[in-house]
Amino acid sequence: MRLFAAVLPPQEAVEELAARATDLRSLPGAEALRWTERSGWHFTLAFYGEVEEEVLPGLSARLARAAGRAAPFPLALHGGGRFGDRALWAGASGDLAALRLLAGRAEAAGRRAGVPGAPGDAGRSYRPHLTLARSGRRATDLRPYAEALGSFEGRAWEVRALSLVRSRLPASGVAGERPRYETVVHWELSR
């Protein structure tokens, strides 16, 4: 299974961001971008890639411990940016230190569970982001989109759970098909 640990925004936050994304989709060149589906919006904490079924119990136990060591914390969708001309994203505000700590614990859970290719924390700095769109076959200047997101400020919510999410990549070869995401399990933050 292709898995990652994530924080999932509540429906109210998704709706606020969706309204801004609708505005962005009216900008010149927006039709050349591959827009992500609302149902897949998330903050990835740690990407594990392909995980064998026999590794799942150990990974789950370690993620449950990570969630048990974290207290709920405030977060909001805020601003945005881009990774070059490859991806457009919405950012976050709130207790980013708590989010980074949770991301570090999720990464460590993968390493300790023996997930091949689980990321290390060797100097890597976690940048919270929620991907909104990716460039298509031709490069699109994402600066106007990132600038339009700059003033976006969603309402704060309380992060209460750590989720393990399965990513199902498109297999049909149909143009425009998007990955599908399903929550495998989630753990309440309970410290």
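Counting of residues starts from 1 at the beginning of each chain's written sequence and follows it residue by residue. Residue-level local features of this predicted model are given only where pLDDT is at least 70; pairs of side-chain atoms are given and counted only at 80 or more, and the full residue set underlies all totals for whole chains, interfaces and linings. Side-chain metrics in this entry use all non-hydrogen atoms of the structure; hydrogen atoms and water are not considered.

As named in an unreviewed UniProt entry, the protein chain is RNA 2',3'-cyclic phosphodiesterase, taken from Streptomyces griseoaurantiacus M045. Here the protein chain is described in UniProt, under the heading Catalytic activity (unreviewed entry), as follows: "a 3'-end 2',3'-cyclophospho-ribonucleotide-RNA + H2O = a 3'-end 2'-phospho-ribonucleotide-RNA + H(+)". UniProt positions are given in the numbering used here, feature names are shortened, and annotations may be inferred rather than shown by experiment.

## Observations concerning the confidence of the model for the protein chain
With 91% of its residues at a pLDDT of 70 or more, the protein chain shows a mean pLDDT of 91. Within a predicted model, pLDDT stands for the predictor's per-residue confidence, ranging from 0 to 100. Strands here mean DSSP runs of E at least two residues long; helices mean DSSP runs of H or I at least four residues long; both are numbered from the N terminus. Mean pLDDT across the secondary structure elements of the protein chain bottoms out at strand 2 (residues 33–35), with 93, and peaks at strand 7 (residues 157–159), with 98.

## Considerations on the pairing of strand 1 (residues 2–7)
A simple rule labels every residue: compare its accessible area, found with a 1.4 Å probe on the protein chains alone, to the largest value its type can have, and call it buried under 20%, exposed over 50%, or partly exposed in between. For strand 1, the tally of buried residues reaches five of six residues, placing the bulk of the element in the interior. Of the pairings in the sheet, the one linking strand 1 to strand 3 (residues 43–50) comprises six bridges and is antiparallel in character. Directly across from R2, in strand 3, lies its bridge partner E50. Here a strand pair is declared whenever DSSP counts at least two bridges between the two strands.

## Topic: the pattern of salt bridges
Whenever a carboxyl oxygen of Asp or Glu lies within 4 Å of a side-chain nitrogen of Lys or Arg, that contact is scored as a salt bridge. Evaluated as defined, the whole model comprises six salt bridges. Here R38 ties to E15 by a salt bridge, and the two come within 3.1 Å at their closest N and O atoms. With a gap of 23 residues between them, R38 in the loop between strand 2 and strand 3 and E15 in helix 1 (residues 11–24) connect regions that are remote in the sequence. Look at R38 and you get partly exposed, because its relative accessible area is 41%. Given a relative accessible area of 37%, E15 falls into the partly exposed group. Between E16 and R155 there is a salt bridge, and its shortest N-O distance comes to 2.5 Å. On the criterion of sequence distance, the pair formed by E16 in helix 1 and R155 in the loop between helix 4 (143–149) and strand 7 is long-range, its members being 139 residues apart.

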